[in-house]
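# What the coordinates show
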Amino acid sequence: MRICSFLPSGTEILFALGLDDSIMGVTFECDYPPQARTKPVVVLSKLAPGLSQCEIDHQVKSYAARRESLYRLDTVKLQEIEPDLIVTQELCHVCAASPDDVGAVFAKLQRTPEILALTPRTVEDVFNDVVAVGIATGRQQQGRQLVDTLRARIKAISPELRHRPRVLCLEWLDPPFVGGHWVPEMVSLAGGIDVLGRAGMRSYETDWQAIVECNPDLILVMPCGYHTHEVEQELKTVRLPHEWGQLRAVRDGNVFATDASSHFSRPGPRIVDGIEVMAEFFQRYSRSATRKFVRTDQPGRSFMAS
């Protein structure tokens, strides 16, 4: 089977099911496992590199207003590959290419590939998608075994906290977006309380006044598509409002830059890693309500108010 993945989480699932040799095309963002970088790139972004979060937000909204896709498919490479299966998604046209993008190149392919569109909104949906990919690729047993392993890891977390932290998950900083879909559920499984997120619902733009009013104990900064070092840089360069310094989490140094791409943005097997990372943050918070600047061995970093 010749498979093309149009989203990073799909690529991660395919590799986790042992389909390395069947993966013939990936996206420009597919970077895990490292072997993914060796695959031909068939999905590219139309956004220019090096944009600020505010500039990215403006461009995304502009493309949406014109009903244009943010992505460009490499038609020539797809014609060369002639995929049997394309793994894509219908959840968010901002996060990855969708079936609408595929339709534009169908007429140029000698045969029509099977399309598997994933639409996860919860942790359970993510697990179901793993099984669905397994079924579509003849790896049903491997898919179910992987899901069983992931469930066992979540069950083993069993957080026992004296104080469950009230947590804010920021999916974007400028403007602020609250993490949604599976993220609020991840917070709960790790032992926290998501103060603004809506489990199973879309991420949404909010304002700083709403954030001040909820005044979280702990803030996890997880801008979609960013790795830890990039998030750390954003926290240093984004112009945050005066209200930021008033937040309890900021004053106490309980603001953490996370590896969003690895653990939160991509609905694949590694969201369980994300739950484990969250649980470690929450356990540390529970042991000490006030924290100084700490660099941990986990993919996150705390920031005191400047």
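Structure first, text after, so check above.
This report concerns the structure included in the present document. Sequence positions are assigned chain by chain, starting from 1 and proceeding in written order. Only residues with pLDDT of at least 70 are given local features in this predicted model, and only at 80 or more are side-chain atom pairs given and counted; all residues enter the totals for whole chains, interfaces and linings. Here the side-chain values reflect all heavy atoms present in the structure, with hydrogen atoms and water set aside.

The subject of this paragraph is the pairing of strand β12 (residues 255-258). Of the two faces of β12, the one lined by Val255 and Ala257 and the one lined by Phe256 and Thr258 are each fully buried. Relative to β12, strand β11 (residues 218-221) runs parallel, the two sharing three bridges. Bridge assignment links leucine 220 to a residue of β12, and that residue is phenylalanine 256. Buried means the residue's accessible area, taken with a 1.4 Å probe over protein chains only, is under 20% of the maximum for its type, while exposed means over 50%, and partly exposed covers the values in between. What counts as a helix is a DSSP run of H or I of at least four residues, what counts as a strand is a run of E of at least two, and both are numbered from the N terminus. If DSSP finds at least two bridges between two strands, the strands pair.

Taken in spatial order, the six strands make up an open sheet running β4-β3-β2-β1-β5-β6, and their pairing is mixed. Where the open sheet ends on each side, the last strands, each with one partner, are β4 (71-73) and β6 (114-118). Sheet twist, expressed as the average angle between the axes of neighbouring strands with direction ignored, equals 15 degrees. Here two bridges tie strand β1 (residues 3-5) to strand β2 (residues 23-27), and the two strands are oriented parallel to one another. For cysteine 4, the partnering residue across the bridge sits in β2 and is glycine 25. Its contacts with the sheet put helix α5 (residues 123-136) on β5 (85-89) and β6, and the angle it makes with β6 is roughly 170 degrees. Between the N-to-C directions of two axes lies an angle of 0 to 180 degrees, each axis being a line fitted to C-alpha atoms and, for a helix, fitted only over the stretch in contact. What makes two residues a contact is simply this: any of their non-hydrogen atoms within 4.5 Å.

This brings us to the packing of α5 against helix α6 (residues 140-157). It is at 6 Å that the axes of α5 and α6 come closest, and there the two elements cross at 160 degrees. Here α6 runs roughly antiparallel to α5, going by the angle between their axes. In terms of crossing hand, the pair formed by α5 and α6 is right-handed. Residues Val123, Glu124, Phe127, Val130, Val131, Gly134 and Ile135 of α5 form the contact with α6, whose own contacting residues are Gln140, Gly143, Arg144, Leu146, Val147, Leu150, Arg151 and Ile154. Residues are grouped as follows: nonpolar covers Ala, Val, Leu, Ile, Met, Phe, Trp, Tyr, Cys and Pro; charged covers Asp, Glu, Lys and Arg; every other residue, Gly included, is treated as polar. Residues that form the contact of α5 with α6 fall into these classes: nine nonpolar, three polar and three charged. Note on angle classes: values under 35 degrees are labelled roughly parallel, values over 145 roughly antiparallel, values of 65 to 115 roughly perpendicular, and the remainder oblique. The handedness criterion is simple: a crossing whose near helix is rotated anticlockwise from the far helix by less than a right angle is left-handed, and one whose near helix is rotated clockwise is right-handed.

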